[in-house]
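Listed here are the chains, written in short residue letters.
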Amino acid sequence: MSLVAEPGLVAEDERSASQPRRRGYAAYVGLKVLGAIGSLCFMLVVNFLLFRVLPGDPAKTLGRGRLTSQAQVDAFNKTYGLNEPLPQQFLTFLKNIAHGDLGISLQYRLPVSQLIMDRLWTTLLLVGTSTILATVIGVYLGIRGAWNRGGLFDRISTGASLTLYSMPEWWLGLLLIAGLGVGFGFVPGLFPTGLLHSQNVDPNSLHGVFDTVWHLVLPVTTLTLAYLADYSLIMRSSLLDELGEDYLQTARAKGLRDVQVRNHHAVRNALLPTTTIIALNIGFVVSGAITVETVFSIPGLGLLATDAIGVPDFWVLQGTFLVASAGVILANLAANLLYGWLDPRVRT
Amino acid sequence: MNGPTTAPLLALRDLHVTYATDAGLLRAVRGVDLAVESGQIVGVAGESGCGKSTLASTILRLQAANATVTGEVLFEGRDVLTMRWGDLRAVRWAGASIVFQGALHSLNPVHRIGEQVAEPIRLHTPGLGDASVRRRIAELLEQVGLDPERARAYPHQLSGGQKQRVMIAMALACDPQLVVADEPTTALDVMVQAQVLDVLSALVRERGVGMLMISHDLSVLADLCDRITVMYAGRVVEEGPAAQVFADPLHPYSGALSAAFPRVGDPAARFAPAGLPGDPPDPRQLPGGCSFAPRCPRAAEVCLPAEPELASYAEGRMAACVRIGDPTDSPVELVAETTARDGDPS
């Protein structure tokens, strides 16, 4: 995939020699950062409007059909600023966000920002570990499979990847809980499910750290398996696309070992499309975290949002959406920067 | 490292390459003999699909995985096809290097060209310091007429001609004894093509290394080469000194290739471009007898029973055609003669 047109073959031979193009990486980074800031602004607008145009009046919904006097509704709307015109509300919204104020949770009576900060690390731990594991394992499987296409390893890993790829992550999670968490027959449950700490264990002690890791095994395995399939299939097909390329023949002719040809030449090029997909996928991993946190009762952002839907706790929902979208935008920015570093063609 | 002094630098002996394809066996090269001496430029001519690139790929044992190769590829007397991997890797690039066709894709798009030229140098002369490697790259780029500063460029920042110059610099990086140039100028326009060929042949002559140059353009080969081998449907149909093969071809196919390029100063040739009708045979279903017969303007009954063998016709000239020296032009009159000459192609 060439993102930039090749210079014409008929181009005068000495043109580019006299005028080296070295706009380079800095300009590329600047452009991508500006793009990300634009996305963030757009996301703020959507985030604000989404919760204002939702059908249903918050005050009435929270009344759960009980008789509420107009005075009570007015008081509620005044407390939360809902009686003001939309543009005014938007300004207040922006001002509050700038101060890190995401409102007060209706359910917990606590600042939403505090609720989110408490749970953010849990979700980051879950999503981060799974993304790293899924990427590393998936890319490795894809490389090994493609390099010996049609071999035993390739057939097994492609078959397994396709099976995992077609499984919803909540179902995979339930299977793992049933098989490894609860145990069956005489087989005891091996791994804990639910929460991230055992009771009576100080999470800050060494023992507590191991305890957390132990609790993370099943949810992380679920998310990793659900996404590594995707990555291994993509890495495999992008590497297969590279295999017929002429530059690999050049590399072989130079006398490089097979492994050097693969790692230094083929994989570097095949990683380009894979990087894009992994970055785009981080959005889906966040949504996957919502289901997995629910299935495993892990107190992260996903569970916070799921619980908030039932109330409905508008400000918690708005806050978690905001954080999740910002996370996806940042992840995409990181991927863009990585992509520019991997592929010199997008820089110029 | 040198073999017996009598052995040529490169010798192909009865080389056969067969591809296993879904549609059956594809016999791309069928019994080719060829030799390149040090300091000699040997051309291989033929149209697309005649097996010349397949032949080039076997010299460094780079043939595709579905190819079966038999015969011998002797580089400095040692068979490349059977040597151990370690020895083969040492021969690759340090002994013989390749200027690939279509340099547009033969360079890795994500590495700077300096790194790509440096790669074989570092690989084959371990322990060479970074400064020496850099000096060597600058020297090589200068020799092919590129600014040494360009070492920092990526392939997409170079024009087609510049990329092909980089390929040449790369091919000479380890001072090989043999350079294989596989259609080195295919994707280039005519002016750049001439420049690149000049650079390549000058450097090869200067260093006294052997070169095997593959092209569909007989006129280019006639200019640059000492000897020319003409291939058709996987076999050698003519071999001889370059100028003679081009000016006075023995085989009707060489004649057609030669006539396909109008000569400057010959007005008649300009208005009557001599093309060759028809396509080369499907290598999966070769015709019996002479494989060129279906397209040959001189084909006759006598051509059909068996594939003609290469035979010597003059000092240093070989061709595979039973009709050479046969004055009759009309196939019909030849029918009676067929039996008399059958089985005695020379």
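Below is a short write-up of the structure. Remember, it's a predicted structure, so these values are computed and weren't measured experimentally.

What counts and what doesn't
- Residues numbered from 1 in each chain as written.
- Chains lettered and ligands numbered in written order.
- Predicted model: local features only at pLDDT ≥ 70, side-chain atom pairs only at ≥ 80, totals over all residues.
- Heavy atoms only, no water.
- Helix = DSSP H or I, 4+ residues; strand = E, 2+ residues; numbered from the N terminus.
- Buried < 20%, exposed > 50% of the residue type's maximum accessible area, 1.4 Å probe, protein only.
- Contact = heavy atoms within 4.5 Å.
- Areas by Shrake-Rupley, 256 points an atom, 1.4 Å probe, with all protein chains shown as cover.
- Pairing = 2+ DSSP bridges.
- Axes fitted to C-alpha atoms, helices over the stretch in contact; angles between N-to-C directions.
- Salt bridge = Lys/Arg side-chain N within 4 Å of Asp/Glu carboxyl O.

1. Quick word on the overall build of chain B
Right, so step 1: Helix and strand counts for chain B stand at 12 helices and 12 strands.
Right, so step 2: Across the 346 residues that make up chain B, the buried fraction comes to 54%.
Right, so step 3: Within chain B, contacts between residues separated by at least 24 positions form 64% of all contacts whose residues are at least 6 apart in sequence.
Right, so step 4: For chain B, the exposed surface amounts to about 14500 Å²; the carbon and sulfur share of it is 53%.

2. Concerning helix 10 (residues 246–253) of chain A
Right, so step 1: For helix 10 of chain A, every residue scored as buried is listed here: Tyr247, Leu248, Thr250, Ala251 and Ala253 of chain A.
Right, so step 2: Taken from the residues just after helix 10 of chain A, Gly255 of chain A is the one with a positive phi, measuring 95 degrees.

3. Some words on the sheet that holds strand 8 (residues 210–215) of chain B
Residues and elements named next belong to chain B.
Right, so step 1: Read from one edge of the open sheet, eight strands run 6-7-8-3-9-10-12-11, paired in mixed fashion. Each edge of the sheet is formed by a strand with only one pairing partner; in this case those strands are strand 6 (96–99) and strand 11 (311–314). Neighbouring strand axes in the sheet, compared pairwise and without regard to direction, differ in orientation by 20 degrees on average.

4. Details of the pattern of salt bridges
Residue and element names in this part refer to chain B.
Right, so step 1: Tallying each qualifying case throughout the model produces 19 salt bridges over all chains.
Right, so step 2: Here Glu47 makes a salt bridge to Arg295, at a shortest N to O gap of 2.8 Å. Placement of the pair is Glu47 in the loop between strand 3 (41–45) and helix 1 (52–59) and Arg295 in the loop between helix 11 (267–271) and strand 11, with a sequence separation of 248 residues.
Right, so step 3: Among the ionic pairs, Glu139 bridges to Arg136, the shortest N-O distance being 3.0 Å. Highlighted residues: Glu139 and Arg136, both in helix 5 (residues 130–143), separated by three residues, approximately one helical turn.
Right, so step 4: Within the structure, one salt-bridge network assembled from shared partners comprises Arg30, Arg235, Glu307 and Glu309.

Taken by themselves, the reported measurements are silent on function.
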